[in-house]
Amino acid sequence: MDYNRLLENIYQAILPYAQEGKQASYIPELAKVNPDQFGMCIHTIYGEVAAIEQADTRFSIQSISKVFALAMCLSIKGDDLWTKVGKEPSGTAFNSLVQLEVEHGIPRNPFINAGAIVIADLLLTHLENPEADFLRFVREVSCNDSIDYNKEVALSERKEGYLNAAIVNLLKYHGTIENDIEDVLHFYFMMCSIEMSCRELSQAFLVFANHRRRFDYAGITLTSSQVKRINAIMQTCGFYDEAGEFAYLVGLPGKSGVGGGIVAIYPLQYSVAVWCPRLNSKGNSVMGIKALELLTTETQSSIF
Ligand code: GLN
């Protein structure tokens, strides 16, 4: 398969959508990002790599970091984790408070903000140096020591992060989290602020695509069954209230972020990352979804 040519063709085909949507503005630093950028990169488990356009430009991975956080937490807590957070799709926005109140402070899943904030709290409790340990893990799965947080983005999100502050308060009220709410929010925003390129993200997610390979990075170990289950949660919960639509259009487990990145995996075949900051009303990249829809259609490689 000539993946470079395929990605180029996909890019040409989706150009008519290049002006649809706009970048996230509720995080002031993200509003400054040039919305007219696009990158895409695919890594197969056999070592093939193809990358087009701005595949090497770093962007804010935002909620994609929730997959790394879940991997760490599942390794540390095992199935005990599921007493504090569920694994059902929410069908609501990533920052919604509605179910959290009705369901007494137990978030639906680890990929909505409320669930990821619970994961951040658990990591704060169990890691010796949470920020350094998280970064070390992400660097190891990515085979790349230059990956880092962007403090300006994290602080800018904290300044305007009223909804996440409401979520953390509700969680604390219900006794779901242990640590100081400011510490939990700070760590959560730091994880979201990590910057990676499409090439780096698709390289990193090979560890989820290739779930039969031993998972052991920076002291974080998972069985192949646990990795498979993380993939299942990506499939059902990776796109919030657009998870059904993504399954319908693309048919792969994946995770999006409001920085405009999407990463998806085809188990035992490939990992792919795509980025364009312009988002639809659900907070998912317009061009990203279009590109992945074409990729799985052209290659007939959806898991369905
Ligand atoms: N940091 C963002 C927030 O909490 C992450 C949301 C996202 O990427 N969907 O709102």
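A. Main features of the overall build of the protein. Within the protein one finds 14 helices and nine strands. Computed over its C-alpha atoms, the radius of gyration of the protein comes to 18 Å, within 12% of the 19 Å expected for a compact globule of 304 residues. Projected onto its principal axes, the C-alpha coordinates of the protein cover approximately 55 × 40 × 35 Å. When the 304 residues of the protein are sorted by exposure, 58% land in the buried category. Considering only intrachain contacts with a sequence separation of at least 6, the fraction spanning at least 24 residues in the protein is 71%. Surface exposure of the protein reaches about 12300 Å², of which carbon and sulfur atoms provide 48%. Across the protein, the mean location of the 25 positive side-chain charges is 3 Å away from that of the 35 negative side-chain charges.

B. Up close: the side chain of S193. Relative to the elements of secondary structure, S193 occurs in the loop between α9 (181–192) and β4 (195–196). Polar side-chain contacts of S193 include one of 2.8 Å to the backbone oxygen of M190. Filtering out sequence-adjacent residues up to four positions away, S193 remains in contact with S60, Q62, D148, Y149, N150, V153 and A154.

C. Structural detail: the site of the ligand. Around the ligand sit 13 residues in total, of which Y26, Q62, S63, E157 and Y188 are the nearest. Between N164 and the ligand, the recorded distance is 2.9 Å, taken from a side-chain N or O atom to an oxygen atom. Separating a nitrogen atom of the ligand from a side-chain N or O atom of Y240 is a distance of 3.0 Å. Calculation on the ligand without its partners gives an accessible area of 300 Å², and the protein chains cover 99% of this total. Residues of the shell around the ligand, tallied by class, amount to six nonpolar, five polar and two charged.

D. Focus on the sheet that holds strand β1 (residues 39–44). The strand order β2-β1-β9-β8-β7 describes an open sheet built from five strands, whose pairing is antiparallel. Every other strand in the sheet has two partners, leaving β2 (49–53) and β7 (254–256) as the edge strands with one partner each. Recorded for the sheet is a direction-independent mean angle of 5 degrees between the axes of neighbouring strands. Looking at chain direction, β7 and strand β8 (residues 261–266) are connected through three bridges and run antiparallel. Within β8, the residue paired with S256 across the bridge is I262. Set on the sheet, helix α1 (residues 3–14) makes contact with β1 and β2; between it and β2 the angle comes to about 30 degrees.

E. Representation of the nonpolar core in the model. Within the largest apolar cluster, 81 residues are counted, with the highest numbers of intra-cluster contacts made by F68, F134, F137, F205, F208 and F215. The element contributing the most residues to this core is helix α5 (residues 113–126), with nine residues. Within the second largest apolar cluster, 28 residues are counted, among which are Y270, V272, V274 and I289.

F. Seen up close, α1. An ideal rise of 1.5 Å per residue puts 16 Å on 12 residues; α1 measures up with 16 Å between its terminal C-alpha atoms. Those residues of α1 that sit buried are Y3, L6, L7, I10, Y11 and I14. Looking straight down α1, one finds that the buried residues subtend no more than 135 degrees of arc, so they occupy a single side. Along its buried surface, α1 packs onto β1, β2 and α14 (286–299). The N-cap residue of α1 is D2: its side-chain oxygen and the backbone nitrogen of N4 are 3.4 Å apart.

G. Structural context of the pattern of salt bridges. According to the stated counting rule, one finds nine salt bridges in the structure shown. Between K32 and E29 there is a salt bridge; the shortest N-O distance is 2.7 Å. Given a relative accessible area of 24%, E29 falls into the partly exposed group. Here D36 and R278 are joined by a salt bridge, their closest N and O atoms 2.8 Å apart. Of this pair, D36 sits in the loop between α2 (28–31) and β1 while R278 sits in the loop between β9 (270–275) and α14, placing them 242 residues apart in sequence.

H. The arrangement of the packing of aromatic side chains in detail. Under the defined criterion, the tally for this structure stands at 13 aromatic pairs. Through successive ring pairs, a cluster of aromatic residues spans F68, F137, F205, F208, F215 and Y217. The ring of Y17 carries K290 above its face, with NZ or CZ at 4.4 Å from the centroid.

Parameters and conventions
- Residues numbered from 1 in each chain as written.
- Predicted model: local features only at pLDDT ≥ 70, side-chain atom pairs only at ≥ 80, totals over all residues.
- Heavy atoms only, no water.
- Helix = DSSP H or I, 4+ residues; strand = E, 2+ residues; numbered from the N terminus.
- Rg over C-alpha atoms; globule rule 2.2 N^0.38 Å.
- Buried < 20%, exposed > 50% of the residue type's maximum accessible area, 1.4 Å probe, protein only.
- Contact = heavy atoms within 4.5 Å.
- Areas by Shrake-Rupley, 256 points an atom, 1.4 Å probe, with all protein chains shown as cover.
- Lys, Arg positive; Asp, Glu negative; His and termini not counted.
- Charge placed at Lys NZ, Arg CZ, Asp CG, Glu CD.
- Polar contact = N/O pair within 3.5 Å; in protein donor to acceptor, adjacent residues only side chain to side chain.
- Near = heavy atom within 4 Å.
- Nonpolar A, V, L, I, M, F, W, Y, C, P; charged D, E, K, R; others polar.
- Pairing = 2+ DSSP bridges.
- Axes fitted to C-alpha atoms, helices over the stretch in contact; angles between N-to-C directions.
- Core = buried A, V, L, I, M, F, W, Y, C linked by side-chain atoms within 4.5 Å.
- Expected span 1.5 Å × (residues − 1).
- Arc of directions from axis to C-beta.
- Salt bridge = Lys/Arg side-chain N within 4 Å of Asp/Glu carboxyl O.
- Phe/Tyr/Trp six-rings, centres within 6.5 Å; stacked < 30°, edge-to-face > 60°.
- Lys NZ or Arg CZ within 6 Å of the ring centre and 35° of its normal.

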